[in-house]
Amino acid sequence: GNSVTQMEGPVTLSEEAFLTINCTYTATGYPSLFWYVQYPGEGLQLLLKATKADDKGSNKGFEATYRKETTSFHLEKGSVQVSDSAVYFCALSDRIGGSYIPTFGRGTSLIVHP
Amino acid sequence: EPEVTQTPSHQVTQMGQEVILRCVPISNHLYFYWYRQILGQKVEFLVSFYNNEISEKSEIFDDQFSVERPDGSNFTLKIRSTKLEDSAMYFCASQGEGTDTQYFGPGTRLTVL
C-alpha cells in the first residue's frame, strides 16, 4: 500500500535560517504529491503540490521537487519567519475507484524563534 | 476565495450520545471527504462521497458512522453512539471535477466525555 514518511519533529530554527523537512513515499502508482500546513488551531491548508516527476511546487517561498528516482518530496525554504511556525504534512494522492484518497505523513512541527 | 466551512468548531458530548458534524463544501465541488486527526497523530481518511453515495471508506468508518448530503449545500457526518476514542479533530474536504486537490475545512474538535 501507499505510505508517507516524514522526518520527526519538532524542528526548531532561528528566524532567517534555511529549512528542510524530509519526506519520502511509497506508492504503487503515479501519485500527486502535496505539502499541507496546519497553523495552531486551524485546519489543513494546501501549501504546494506537484503532479509528476521533476515537477517543482512552490508557494510563499516554500519549494519541493518531485523526485521519482529517490521517491522524495522534501520541503525547503531559504529563510524562515516566525509566522511559518506550524505543522507541515506531506501527502500523496492516488486514485482509488472514483476518489482521490490522500495518504498523509505524521506531520512535522516547525518552531521558528525570533 | 471560496472555502470549506464546518460547524460547530468544538463539540462536547457524553459517551453513547449521537453527534452530527456539519460541513459546507465549496459550491461547485463534487467530491466530499471526511478525515479525523486524533491529537498528535496523523490525519486519517474516513470516507469519500460522490454522486450522493459513498465512494470509498476506511476500516475506521464502521457502522457507527454515516454520511449524508441532505440538501444542495451541507455534508454531514453522524456518529450514532460516541465512544471515548472518537475524540479527535474531524476535517471535511471537498474537491472539484478533474483535479486531485482537496480543500479542507477548519475542523470540528469532538470531545467525548
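Just so it is clear, the model here is predicted, and its values are computed rather than measured.

Peer 1: Mind showing me how you'd approach the packing of aromatic side chains here?
Peer 2: Both the distance between ring centres and the angle between the ring planes are used here to describe each pair of aromatic rings. All names here are of chain A. Counting across every chain of the model gives 16 aromatic pairs over all chains. Pairing Phe62 with Tyr88 gives two aromatic rings, centres 5.6 Å apart and planes at 40°, and the pair type is tilted. Of this pair, Phe62 sits in strand 8 (residues 62-65) while Tyr88 sits in strand 10 (residues 86-96); the two residues are 26 residues apart in sequence, bridging distant segments of the chain. Per residue, the accessibility class of Phe62 equals that of Tyr88, and both read buried.

Peer 1: In this structure, what is going on with the sheet that holds strand 7 (residues 65-68) of chain B? I would like to understand it.
Peer 2: Strand pairing within a sheet occurs via backbone hydrogen bonds; the two strands may be parallel or antiparallel. Residue and element names in this part refer to chain B. With respect to topology, 4 strands assemble into an open sheet ordered 1-3-8-7, the strand pairing being antiparallel. The open sheet has two free edges, formed respectively by strand 1 (5-7) and strand 7, since each of these has just one partner strand. Each neighbouring strand pair of the sheet contributes to a mean axis angle of 20°, computed without reference to strand direction. Relative to strand 8 (residues 75-79), strand 7 runs antiparallel, the two being bridged by 4 bridges. Bridge assignment links Val67 to a residue of strand 8, and that residue is Leu77.

Quick notes on the rules
- Residues numbered from 1 in each chain as written.
- Chains lettered and ligands numbered in written order.
- Predicted model: local features only at pLDDT ≥ 70, side-chain atom pairs only at ≥ 80, totals over all residues.
- Heavy atoms only, no water.
- Phe/Tyr/Trp six-rings, centres within 6.5 Å; stacked < 30°, edge-to-face > 60°.
- Helix = DSSP H or I, 4+ residues; strand = E, 2+ residues; numbered from the N terminus.
- Buried < 20%, exposed > 50% of the residue type's maximum accessible area, 1.4 Å probe, protein only.
- Pairing = 2+ DSSP bridges.
- Axes fitted to C-alpha atoms, helices over the stretch in contact; angles between N-to-C directions.

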